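Tertiary structure, described
Chain by chain, the residues run as shown.
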Amino acid sequence: MKFRSIFPALGALAVSLAALEPALAQDAAPTVNKGDTTWMLISTILVILMTIPGLALFYGGLVRTKNMLSVLMQVFAVFSLVAILWVFYGYSLAFTSGGEGTLGAIIGGFSKVFLAGVTGETTADTFTKGVAIPEFTFVAFQLTFACITPALIVGAFAERIKFSAVMLFTALWFTFIYLPIAHMVWFSEGYLFGLGALDFAGGTVVHINSGVAGLVGALLVGKRIGYGRDLMAPHSLTLTFVGACLLWVGWFGFNAGSNLEATGGAALALLNTILAPAAAGLAWMGVEAIGKGKASLLGIASGAVAGLVAITPAAGLSGPMGSIVLGLVAGAACYFAVTSLKNALGYDDALDVFGIHGIGGIIGAIGTGIVAAPSLGGYGVGEYSIGGQVWTQIIAVVITLVWTGIGSVVLFKIVDLITGLRVTQDAEREGLDLAAHGERAYNY
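Residues numbered from 1 in each chain as written. Predicted model: local features only at pLDDT ≥ 70, side-chain atom pairs only at ≥ 80, totals over all residues. Heavy atoms only, no water.

1. A word on the overall build of the protein
Cut-off, in case you're wondering: Numbering goes from the N terminus for both helices and strands, where a helix is a DSSP run of H or I of at least four residues and a strand is a run of E of at least two. Radius of gyration means the value over C-alpha atoms here, while the globule rule gives 2.2 Å times the residue count to the 0.38 power. With a 1.4 Å probe rolled over the protein chains alone, any residue whose accessible area is under 20% of its type maximum counts as buried; one over 50% counts as exposed, and the rest are partly exposed. In what follows, a contact means two residues having at least one pair of non-hydrogen atoms within 4.5 Å. Using a 1.4 Å probe, the Shrake-Rupley method yields the accessible areas, and only the shown protein chains count as cover for residues. Only four residue types enter the charge count, namely Lys and Arg as positive and Asp and Glu as negative; His and the chain termini do not. To locate a charge, the coordinates of NZ of Lys, CZ of Arg, CG of Asp or CD of Glu are taken.
Helix and strand counts for the protein come out as 16 helices and three strands. A compact globule built from 444 residues would reach a C-alpha radius of gyration of about 22 Å, and the protein, at 24 Å, matches this within 12%. With 444 residues in all, the protein has 54% of them scored as buried. Relative to all contacts within the protein whose residues are 6 or more apart in sequence, the contacts with residues 24 or more apart total 78%. Summing over all exposed atoms, the protein offers an accessible surface of approximately 18,700 Å²; the carbon and sulfur share of this is 70%. Averaged over its 19 positive side-chain charges, the protein has a centre that lies 8 Å from the centre of its 23 negative ones.

Written out as structure tokens, the structure is:
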């Protein structure tokens, strides 16, 4: 009898639980999928690969032998410095609420400084409602974006800047330029996010931001001794090729990882990250062959990087055919920026940071408004208007140009007052490897 009498009680309990189920579902914690988490951890590692050693070798091969080690050192040290600053206060200022009003739309708050409250149990949202990833994973992934962005800048004034100036400028620029732009574009309360600007993986935050800062630095630091007169050819295109390949491979984490989930959206971003740089490399190579009679390895590698830059903001939003068009436009446009525009204006952007990242980033950011259109095979949502979205993209580009342009000028001036920007003429002639670091990249 006892066994029989329990069944009605269990039935009543089941009915009660069923009634509670909708309410419990609303309060349920987001689901964390091990596959999504694994993909994001792999993507984080890939972005580190594209920075050290990828970017370091790409830049290092482009400078003269006497400055090879200095570029490797700058990229490595910048990565290390920003990684620490990111967990101290960068993550909090970029990805927490800064309160209501104008300030909160520009920068976050201090609620998570030193990663306060971030544990193995806390989560970060993805693009799917109810699906999350561990917050530590999101912190680490975004850390890599913060690290590579100022590392890109050092190519603009390579071979003549003080190492102390690089480090001080990096700390200031990360704090006052990168973090506000990242907050405005990627945080739900950010101004440009609210405006509806599309930036899937960093066209404004990473590439326009770093490209314009690089141009400002090249102008304020000044030209290298002998620029336009002496031969300043890359000392090792082999290493530059290796770096370019590592950049391309690492960029899959950069773009496809920005989907935050291991879904078809990540696969789309990955495919676009193959097609756009391939098209851009071919476009650069073709234009170069027409103009100079020969196609160069440096040309196709630079074109591929330009295509990677251009597809970054559109990686998960463009259809495959749109990514090819974007790559073709970026490859040709960046070629003319690196050759004709730079020569016409006469600035010494040593490793073409502005010509590739600045110009490529602008093309990609504005072009995203076009290639994301569903009518053109893209994946924009809602009642999509190409004209309206392009206008929003232009606003985002202009705000980024002004913020980083004016801000970088101010910060370079501050650094100049504190440490000075440029090494002595004797040090520059000797090479920064020995003059700044007491080592040689090569000992024969």
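And the narrative resumes.
2. A word on the packing of aromatic side chains
To keep it simple, the criterion reads: Classification of ring pairs rests on two measures: the distance between centres of Phe, Tyr or Trp rings, Trp counted by its six-membered ring, which must be within 6.5 Å, and the angle between planes, read as stacked under 30 degrees, edge-to-face over 60 and tilted in between.
One pass over the structure, following the stated rule, counts 19 aromatic pairs. A ring pair is formed by F95 and F138, whose centres lie 5.1 Å apart and whose planes are at 80°; its orientation type is edge-to-face. Residue F95 is located in helix 3 (residues 68-95), and its partner F138 is located in helix 5 (residues 135-153); the two are separated by 43 residues in the primary sequence. With a relative accessible area of 11%, F95 lands in the buried category. Ring pairing ties together the aromatic residues W86, Y89, Y91, F95, F138, F174 and Y178, which thus form one cluster.

3. Structural notes on the environment of L72
Among the secondary structure elements, L72 is positioned in helix 3. Using a relative accessible area of 29% as the deciding quantity, one classes L72 as partly exposed. Each C-alpha atom, one on L72 and one on A441, is 9.3 Å from the other, the two residues being 369 residues apart in sequence. Those residues in contact with L72, other than ones at most four positions away along the chain, are A56 and L57.

4. Here's the deal with the environment of T102
Within the secondary structure layout, T102 lies in helix 4 (residues 102-106). Separated by 33 residues in sequence, T102 and E135 have C-alpha atoms that sit 27 Å apart.

5. Some thoughts on helix 6 (residues 163-186)
Our working rule: The angle between axes fitted to the seven-residue stretch ending at a residue and the seven-residue stretch beginning at it gives the bend at that residue.
Where helix 6 bends most, the angle comes to about 40°, and this point is F174. For helix 6, the tally of buried residues reaches 19 of 24 residues, placing the bulk of the element in the interior.

6. Overview of the confidence of the model for the protein
We apply this condition: As a per-residue measure, pLDDT reflects the predictor's confidence and takes values from 0 up to 100.
Confidence along the protein averages 93 in pLDDT terms, with 94% of residues attaining 70 or more. Low pLDDT, under 50, characterises residues 1-26; the stretch is placed with zero contacts to residues that sit more than four places away or in other chains.

7. Some remarks on the environment of L326
With respect to the secondary-structure elements, L326 resides in helix 12 (residues 320-345). With 22 residues separating them along the chain, L326 and D348 place their C-alpha atoms 27 Å apart. When residues no more than four places from it in sequence are discounted, the contact partners of L326 are A310, I311, A314, I363, G364, G367 and V371.

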